[in-house]
Amino acid sequence: MIILAIETSCDETAVAVVQNGREVLSGEVFSQADMHALYGGVVPEIASRNHVAIIGKLTEHAVKNAGISKSDIDAIAVTYAPGLIGALLVGVNFAKGLALALDIPLIPVHHIRGHIAANYVAFPELEPPFLCMIVSGGSSLIADVQGYTDIRIVGRSRDDAAGECFDKAARVLGLCYPGGPALDKLAKSGDNSLFSLPRPMIDGHPYDMSFSGLKTAVVNIVHNAQQKGLELDKASLAASFSTAVSDILVPRVVMAAKELGHKKIAIAGGVAANSQIRADFRREAETHGFELYVPPLDLCGDNAKMIGCQGYYEYLAGARGAGMELNAFATMGVDGVR
Ligand code: KG4
């Protein structure tokens, strides 16, 4: 079964062609990061307008690079939630038009379910059950993945997402958007024990997380240094910050995996590209005897391969009949609850 998948939930326009869930025939990503860097973050209307301008051409490229023609496509999968509403609407409407024109099924895919599925694309042998941490610009979640479409969130951030926190910390350190990769690079030359930063716990909810206090602590350190005219060791602050984020994430995931009886741990989302987090997971998985799945960098960030893959499993589970009434939603749980 050949699925053409579309992802436009934020500032990446992405189209992929995926066969039988896991065989990627093509995958195109057009990142708008440069256009948003000027403003220090994603400007929703600019994101929507760029999706409109690029999606048609990108789809032509994806079909051509897959070595197929449009008549070979069996279904269209599209991210319909959560994300920037204007950006999502571009993808959803384009997908509707294509499904209508080709007279084939339209499969709505939840963005976070897609991030989890990036691991199926990267690791052909991986099957549920496993525990998955999803950390991106908009979400920080720990998911108990019992089946391809049977997913339960067991831990979440109570405030900011980890990626949002990386981007804010990077911004205050004077790094350009998107801040996560730049901060990751800077941290490599710093001393991660130089700054003492908070690692909050949520009373009674051991798998839940909080990042806003950590974000504020970094902002305060930078502002204090500026006000006193002191030179700041930015690399060490970046390293201390990355270690704090990793210390919030990794032990929670390991604890949840143990307590919920999982043997496999997967990670997903843009922040899963962070070198400190990846290294800490590798060390802890080895210490505790978990099988660890760490996708390559291109599958951590937003892409349409993961949407095509998850779309296949949603189709098998019966989600094959989205009609022309399909809408997009800025917020939605992985269980479809708004
Ligand atoms: O998954 P993603 O591409 O988009 C969303 O669905 O949100 O995640 C984007 C986030 C941004 O906050 C970006 O700064 C962060 O992932 N990110 C990183 C790294 N690469 C991307 N954060 C830390 N270290 C990285 N190497």
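This structure is a prediction, so every number in the text was calculated from the model and none was measured.

## Overview of the domain arrangement of the protein
- Per the domain assignment, the segments of the protein are domain 1 (2-115 + 300-316) and domain 2 (128-294).
- With 17 residues of domain 1 in contact, the opposing surface of domain 2 contributes 16 residues.
- Of the roughly 1300 Å² buried between domain 1 and domain 2, counting both surfaces, carbon and sulfur atoms make up 66%.
- In terms of surface lost to domain 2, no three residues of domain 1 exceed Ile 112, His 115 and Cys 300, which account for 40% of the buried area on that side.
- Taken together, domain 1 and domain 2 are joined by zero salt bridges.
- One can count five residue pairs in polar contact (both at pLDDT 80 or more) joining domain 1 with domain 2.
- Along the lines of polarity and charge, the residues of the side of domain 1 that touches domain 2 split into seven nonpolar, six polar and four charged.

## Focus: the site of the ligand
- Inspection of the region around the ligand gives 19 residues, with Gly 137, Asp 167, Asp 184, Gly 270 and Asp 302 positioned closest.
- One of the backbone N or O atoms of Gly 137 is found 2.8 Å from an oxygen atom in the ligand.
- Between the ligand and Asp 302 there is a distance of 2.9 Å, counted from an oxygen atom to a side-chain nitrogen or oxygen.
- Contributions of two or more residues to the shell around the ligand are made by helix H4 (111-122), helix H5 (162-172) and helix H6 (179-187).
- By residue class, the composition of the shell around the ligand is five nonpolar, eleven polar and three charged.
- Both of domain 1 (2-115 + 300-316) and domain 2 (128-294) provide at least three residues apiece to the shell around the ligand.

Conventions and cut-offs
Residues numbered from 1 in each chain as written. Predicted model: local features only at pLDDT ≥ 70, side-chain atom pairs only at ≥ 80, totals over all residues. Heavy atoms only, no water. Domains from an automatic or database assignment. Contact = heavy atoms within 4.5 Å. Buried area = accessible area lost by both parts, 1.4 Å probe. Salt bridge = Lys/Arg side-chain N within 4 Å of Asp/Glu carboxyl O. Polar contact = N/O pair within 3.5 Å; in protein donor to acceptor, adjacent residues only side chain to side chain. Nonpolar A, V, L, I, M, F, W, Y, C, P; charged D, E, K, R; others polar. Near = heavy atom within 4 Å. Helix = DSSP H or I, 4+ residues; strand = E, 2+ residues; numbered from the N terminus.

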